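Residues per chain are reported as follows:
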Amino acid sequence: MNVTGWSKGLEVTGGGEGVVSHAGLVLLRGLADKTGLTAGLSRALASNRLLVHDRGRVAVDLACVIADGAEVISGFRILADQPQAHGLVASVPTAWRALSEIAAGGPRMQARITRAVNAARRRAWAAIEARHGAIPGVRVADKMIEGVICIRLDASVVACHSEKEGAEPNFKGFGLHPLLGYCDNTTEALAGMLRPGSAGSNTTTDHLTVLDTAITAVPARHRRRLMVTCDGAGASHGLIERLDELAARPGHQLVYSVGWELGERERRALHRVPAQAWQIAVDGRGQARERRIDGACPDRRCAHARCWRQEAHVAELTGLLREGPDGDQLAGWPAGMRLFARRERPHPGAQLSLFEEADGWRYSLWVTNLPTTVRGWRGQLAYIDAAHRVHARVEDAIRTGKDCGIGKFPSHSLALNAAWMTLSLTAATLLAWLRLLALDGDLARAEPKTLRYRILHAAARLARSARRRRLKIAATWPWAGAIATAWTKIAALPHAP
Ligand SMILES: [Zn+2]
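Fair warning: this is a prediction, and the values are worked out from it, not measured in the lab. (Residues numbered from 1 in each chain as written. Predicted model: local features only at pLDDT ≥ 70, side-chain atom pairs only at ≥ 80, totals over all residues. Heavy atoms only, no water.)

Asks: Which residues make up the overall build of the protein, and what values do they have?
Replies: Along the backbone of the protein there are 17 helices and 19 strands. Put simply, the protein has 497 residues, and 49% of those count as buried. Carbon and sulfur atoms form 53% of the exposed surface of the protein, whose accessible area is close to 24,000 Å². (Helix = DSSP H or I, 4+ residues; strand = E, 2+ residues; numbered from the N terminus. Buried < 20%, exposed > 50% of the residue type's maximum accessible area, 1.4 Å probe, protein only. Areas by Shrake-Rupley, 256 points an atom, 1.4 Å probe, with all protein chains shown as cover.)

See below:
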């Protein structure tokens, strides 16, 4: 067998005409234009100077190339080098200048950009509702919470290997420490704050700022029923008080679920939980978290208690702490705040505290203001636990976000990197809109890497006739139809005013 025969008679030459790579980028650019993002940023970034390249266009194009996988500003060339498909696009130095101008504009410039993105989001969400009937719900185990928008706050360390302003040692290594807010329903990035590496995980003022920015990012019509989740023992007095205030506004509903530290008083309470008060937790399919023991009977679906080992339990500690022998241990915290504990069998090799080692379980605690009067599945212990546990989905958003601009920062300057982060979060948002407004099936759930390979990086031929240009995706490309359909859907969106 001739294993090298593939190259027989193959010539490689230049001179190909009408060839376009990364053809799927037109979808993101079209989406930014149709939602009014481009025009909004153009107004937000307008200056009195006479500029060849509109700064809003440059900012949108930067977000598009970040979504496309650019990790450095020179990645901008993918647009600039293909004017036949994208028209006259700024050069790499101009992209740098635009980013520096955003950085130099400070918080006021940042606020103008945020307003432009939020205005585009209002139109995008209206289009999502028009297409799907509603904004997607919040999945909790096997159930769905409809009509509620869920904001997830989380801090994450971004490792830096070169000298960068603000890159400092922290509990996870060396780098920057952004605090981010994501919308669980749509996977959009709603808010982000780029902080030095030494910034605390639970710094109250940062959480309050990101929370407020994230809520403002949600279109006003959708702000009346919110969920807010935060983990990593994030419950500071200031954050809980703010959430409590927001929840108390007439006509508004806000249910929070925030991680809580396991301290001495919580340990004492855990010792006093009666065995029967622990209820079995459910897994992602809503089934009891239990496992067959070694030496169980041959019937794998038997109902013998001795054949199963329960893996995780939930109990409420509120009563024990509020009304225990030592008096109200939660005095000073809002009256409606409830404290819960989950205990799990530790994985072999898991890091356990002395307490957990002695006890044989590993504990996680959190607080919520879910009223005790809530009926149905949402009020059940197992689902109160499941609703907190799905906070972990934010880790997927951050992981894919790190593959979309926030995993690698281009500059030494913290301000410039903050501007890059803003555009990176916009990139993640454009990808979310693309999935929800123009894609179907697997593609509507695909992560950035998959979308790049199948959609954004597709090759095409640009054909010109009398007055039209036609971008023809390679006939053999398995997703050619999906790309063409997506363009039709984007073209059919109403024009932003
Ligand atoms: Zn059995």
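Asks: Quick rundown of a nonpolar patch on the surface? Include the residues and the values.
Replies: On the surface, W6, L10 and V12 cluster together into a nonpolar patch covering about 430 Å² of accessible area. Structurally, W6 is set in the segment before β1 (19-20). (Patch = residues over 30% accessible without salt bridge, like charges linked within 9 Å, V, L, I, M, F, W, Y side chains within 5 Å. Salt bridge = Lys/Arg side-chain N within 4 Å of Asp/Glu carboxyl O.)

Asks: Provide a residue-level description of the pattern of salt bridges, including the pertinent values.
Replies: Overall, the coordinates contain 32 salt bridges when judged by the stated rule. In this structure, the salt-bridge partner of E266 is R265, at a minimum N-O distance of 2.9 Å. Taking the relative accessible area as the measure of exposure, R265 reaches 27% and is therefore partly exposed. Its salt-bridge partner being D442, residue R445 comes within 3.4 Å of it at the nearest N-O pair. Of the two residues, R445 and D442, both sit in the exposed class. Several salt bridges converge on common partners, so that one network encompasses R289, R342, E344, D385 and R389.

Asks: If you had to explain the sheet that holds strand β18 (residues 460-464) to someone new, which residues and values would you point to?
Replies: Reading across the sheet, the three strands line up as β1-β18-β19 and stay open at both edges, with antiparallel pairing between neighbours. Edge positions in the open sheet fall to β1 and β19 (469-473), since each of these has one partner strand only. Here two bridges tie β1 to β18, and the two strands are oriented antiparallel to one another. When the sheet's bridge partners are listed, V20 is paired in β18 with A460. (Pairing = 2+ DSSP bridges.)

Asks: Go over the environment of L430 with me, naming the residues and quoting the values.
Replies: Following the sequence through the fold, L430 ends up in helix α15 (residues 414-438). The class of L430 is buried, set by a relative accessible area of 0%. Put simply, L430 and C64 are 366 residues apart on the chain and 7.8 Å apart in space, counted from C-alpha to C-alpha.

Asks: Explain the packing of aromatic side chains residue by residue, including any values.
Replies: Going through the model one piece at a time under the given rule, you end up with seven aromatic pairs. Arranged with centres 5.3 Å apart and planes meeting at 75°, the rings of W377 and Y383 form a pair that is edge-to-face. Aromatic side chains Y453 and W479 sit 6.1 Å apart centroid to centroid with 75° between the ring planes, which places their arrangement in the edge-to-face category. Remark: W479 occurs in the loop between β19 and α17 (480-492) and Y453 occurs in helix α16 (residues 448-456); sequence separation between them is 26 residues. (Phe/Tyr/Trp six-rings, centres within 6.5 Å; stacked < 30°, edge-to-face > 60°.)

Asks: A description of the coordination of the zinc ion should follow, citing residues and the corresponding values.
Replies: Ideal values for angles at a metal depend on the geometry: 109.5 degrees with four tetrahedral donors, 90 or 180 degrees with six octahedral donors. For the zinc ion, the protein coordination sphere consists of C297 (SG), C302 (SG), H304 (ND1) and C307 (SG), at 2.1 to 2.4 Å. Mapped onto the sequence, the donors of the zinc ion take the spacing C-x4-C-x1-H-x2-C. Relative accessible area serves as the criterion here: at 2%, C307 is assigned to the buried category. (Donors = N, O, S within 2.8 Å, 3.2 Å for Na, K, Ca; no water.)

Asks: So what's going on with the nonpolar core? Which residues, and what values?
Replies: Counting 129 residues, the largest nonpolar core has L28, F76, W125 and Y182 as its most contacted members. The element that contributes the greatest number of residues to this core is α15, accounting for 15 residues. Listed in part, the 22 residues of the second largest apolar core include V138, V140, V282 and L381. (Core = buried A, V, L, I, M, F, W, Y, C linked by side-chain atoms within 4.5 Å.)

Asks: Which residues make up the side chain of D184, and what values do they have?
Replies: Within the element layout of this structure, D184 appears in the loop between β8 (179-183) and β9 (189-193). What makes D184 buried here is its relative accessible area of 14%. A distance of 2.9 Å separates a polar atom in the side chain of D184 from a polar atom in the side chain of R393. Apart from the residues lying within four places of it in its own chain, the contact partners of D184 are V138, R139, C150, R152 and R393. (Polar contact = N/O pair within 3.5 Å; in protein donor to acceptor, adjacent residues only side chain to side chain. Contact = heavy atoms within 4.5 Å.)

Asks: Can you lay out the pairing of strand β17 (residues 362-368) for me, pointing to particular residues and giving the numbers?
Replies: With five of seven residues buried, β17 is to be regarded as a mostly interior element. When strand β16 (residues 338-344) meets β17, the two strands line up antiparallel, connected through seven bridges. Bridge pairing in β17 places R343 opposite Y363.

Asks: Give a detailed account of the sheet that holds strand β15 (residues 312-316), specifying residues and quantitative values.
Replies: Pairing is mixed in the open sheet, where nine strands are placed in the order β9-β8-β4-β10-β11-β17-β16-β15-β12. In the strand order of this sheet, the two ends are held by β9 and β12 (279-280), each with one partner. As judged from the two bridges shared by β12 and β15, these two strands associate in the antiparallel manner. For Q279, the partnering residue across the bridge sits in β15 and is V314.

Asks: Tell me about the packing of helix α1 (residues 25-34) against helix α3 (residues 55-67), residues and numbers included.
Replies: With their axes 10 Å apart at the nearest point, α1 and α3 run at an angle of 140° to one another. As judged from the angle between their axes, α1 and α3 are oblique. Where α1 crosses over α3, the two elements pack in a sense that is right-handed. Packed against α1, whose contacting residues are L25, L28, R29, A32 and D33, the element α3 presents R57, V60, D61, C64 and A67 at the interface. (Axes fitted to C-alpha atoms, helices over the stretch in contact; angles between N-to-C directions. Parallel < 35°, antiparallel > 145°, perpendicular 65-115°, else oblique. Left-handed = near helix turned anticlockwise from the far one by under 90°.)

Asks: Residue-level account of the pairing of strand β10 (residues 225-230), with values.
Replies: Most of β10 is tucked away: five of the six residues are buried. Where strand β4 (residues 149-155) lies against β10, five bridges are found, and the strand directions are parallel. Each bridged residue has a counterpart across the sheet, and for C150 the counterpart in β10 is M227. In terms of strand pairing, β10 meets strand β11 (residues 253-260) through six bridges, oriented parallel. In the sheet register, R225 faces β11, and the bridge partner there is Q253.

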